[in-house]
Structures are given as C-alpha cells and as structure tokens.
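# Observations on the three-dimensional arrangement
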Amino acid sequence: MNRAKAEFFDAQAQAPWAAEEYGELERPKIARLVREAELASGQAVLEPGCGTGRLSRVLAEVVGGRGLVEALDISAAMVAACRSRVAAYPQVSVRHACLEEFSAPLAGFDRIICHQVFPHFDDQAAALARMAAMLKPGGVLLVAHFISAEEINDTHRKAGTVVQHDLLPGDEEMAAMIADTGFRLESLQDDELGYLLKARLPTP
Ligand SMILES: C[S@@+](CC[C@H](N)C(=O)[O-])C[C@H]1O[C@@H](n2cnc3c(N)ncnc32)[C@H](O)[C@@H]1O
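What this report covers is the structure whose coordinates are included nearby. Source: prediction; values computed, not measured.

### Describing the pairing of strand E3 (residues 92–96)
Two faces make up the sheet, and in a regular strand the side chains alternate between them. Direction of pairing for strand E2 (residues 68–73) relative to E3: parallel, over a ladder of five bridges. In the sheet register, Asp-73 faces E3, and the bridge partner there is His-96. Since E2 and E3 lie parallel, the crossover through helix H5 (residues 76–85) that links them has a hand, and here it is right-handed.

Following this line, the structure appears as structure tokens:
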C-alpha cells in the first residue's frame, strides 16, 4: 500500500470534494454511469477507491439486498466515512485495502467501477490485470470521472502534492493497456458529463 497517498487522502476525507452529498450537477453523470455499467439488482460490484461512500450508496441501492458491493480504499479515514455513510446497507462491505493487493472473497464480480481513482493506481497496467482476474467473463469495467481527462490531469499536475504524477493516460495508450489486459474496449466518452470508459471481458 502506498502510505504517502493513503495519508494524503486521510487528510482529504472531510474536504467538500470528498464528503459533500451529490447534487443536481452530479445527477446526470450518475445516471449515465449506472446506465453504462448495466447495473442491475442482485449483481456483485467491486468499487476500488470508494472514498467517503457516496457512490457506494448509489450502487447499493441499485444492486439491492440480494446484491453485493465490495468497497475498498487505502485511506483509513475514507473507509471510516464510507462505513458510516453505508451503515444502513448490509449489502456493502467496506475494506481498508489496496486494489492491487486485494484478494476477492468470491469467485468473480459482475461489475468493477473505478470512480475517480484510476489515475492514482501506482501501476495502472498491473491494476487492470488484477481487475481482469476478479471480473466474471462478460463482466463490465468502468473507469469514470465527473470531469474530463484534461481537467483531471490539469488538476493533479497543478496540485504540487503526492498526486501530481497521477494522470489518466491518453486515449491510445489507455486503449492499448485495456486490450493488453484482455478487455474489449466498448466505448470511451470524454465530454461535458466527464470521462467514461467502458470495457468488457470476453466470454469464452
Ligand atoms: C479522488 S478519490 C475518489 C473517491 C471516491 N471514489 C469519490 O469519487 O469521491 C480517490 C480515492 O481512491 C483511494 N485510492 C487511491 N489509490 C488506491 C488504491 N490503489 N486502492 C484502493 N483505493 C485507492 C484514495 O484513498 C481515495 O479515497
């Protein structure tokens, strides 16, 4: 686990960008995310980098009581905030864990949603390979952000902090990494609703 990054995010757990409830601006972005993920009742969803659990709660409502949301985060403070936000949803397990080192407690997830976390993986190709190993055949991976790739990379570069080199790769590089790890890229949208990459594991 990257301790410097975990500590950085510990200090952000109360910041408005991490803690404030979603509002009108986020509503169409979440609707697109849920639609593109083809989320449905009863599914098992892995959510690395869950932060304070705002999306975890949305996912829990869609998969319902027969579904499962495994929410992970390297920051203990984010995990604590997430646990308290999803306390009423027994279908959510919140773990203090790093995606790259995580061993899933079940055979495979139906969906993996990387929401505003992909740039922070220290080895993005290794993270994709790990996620491919944890997804069921035919399962969907989303890499989602509420802002565009350009805005994400600008924000991180200018931050001058431990996340300043945490960037989303360009579209061609991303497509190559996705293909190299066994996924099929289905779409990549980068527009006023943010960045949304959808990939699927082929069925045998
Ligand atoms: C920018 S925040 C986004 C949080 C949340 N998804 C949201 O949209 O509000 C990124 C989160 O990912 C977590 N994170 C970073 N690297 C991680 C990794 N390798 N495994 C799991 N979580 C990670 C951070 O601690 C942080 O809470």
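### What about the site of the ligand?
In the vicinity of the ligand, 22 residues are found, and the nearest of them are Phe-9, Gly-49, Gly-51, Ser-75 and Gln-116. When contributions to the shell around the ligand are tallied by element, the ones reaching two or more residues are helix H1 (3–10), helix H4 (54–63) and E2. Taken together, the residues that form the shell around the ligand break down as 12 nonpolar, six polar and four charged.

### Structural notes on the pairing of strand E1 (residues 44–48)
Within E1, five of the five residues are buried, leaving the element largely enclosed by the surrounding structure. Burial along E1 is two-sided: the face carrying Ala-44, Leu-46 and Pro-48 and the face carrying Val-45 and Glu-47 are both buried. Read from E1 through H4 to E2, the crossover connection turns out right-handed. Summarising the sheet, E1 and strand E4 (residues 109–115) pair through two bridges and their orientation is parallel. Within the sheet, the bridge partner assigned to Val-45 lies in E4 and is Arg-111.

### So, the sheet that holds E3
Overall, mixed pairing links the seven strands, which are arranged E3-E2-E1-E4-E5-E7-E6 in an open sheet. Each having just a single partner strand, E3 and strand E6 (184–191) make up the two edges of the open sheet. Strand-to-strand twist of the sheet, defined as the mean angle between neighbouring strand axes without regard to direction, takes the value 15 degrees. Helix-sheet contacts for H4 involve E1, E2, E3 and E4, and the interaxial angle to E2 is about 165 degrees.

### Some points on the environment of Leu-196
Relative to the helices and strands, Leu-196 is located in strand E7 (residues 194–200). For Leu-196, a count of 20 C-beta atoms within 10 Å translates into the label buried. Not counting residues within four places of it along the chain, the set of residues in contact with Leu-196 comprises Arg-32, Leu-33, Glu-36, Leu-142, Ala-144 and Gln-189.

### Notes on the nonpolar core
Among the nonpolar cores identified, the biggest contains 55 residues, and Val-45, Ile-112, Leu-141 and Leu-142 are the most heavily contacted of them. Counting residues per element, this core draws most heavily on strand E5 (residues 135–145), which supplies six residues. Not counting residues within four places of it along the chain, the set of residues in contact with Val-45 comprises Leu-59, Val-63, Leu-68, Val-69, Phe-109, Asp-110, Arg-111 and Ile-113.

Reading the values: rules and limits
- Residues numbered from 1 in each chain as written.
- Predicted model: local features only at pLDDT ≥ 70, side-chain atom pairs only at ≥ 80, totals over all residues.
- Pairing = 2+ DSSP bridges.
- Helix = DSSP H or I, 4+ residues; strand = E, 2+ residues; numbered from the N terminus.
- Right-handed = clockwise from strand over helix to strand, strands pointing away.
- Near = placed C-beta within 6 Å.
- Nonpolar A, V, L, I, M, F, W, Y, C, P; charged D, E, K, R; others polar.
- Buried ≥ 20, exposed ≤ 12 C-beta atoms within 10 Å, placed from the backbone.
- Axes fitted to C-alpha atoms, helices over the stretch in contact; angles between N-to-C directions.
- Contact = placed C-beta atoms within 7 Å.
- Core = buried A, V, L, I, M, F, W, Y, C linked by C-beta atoms within 7 Å.

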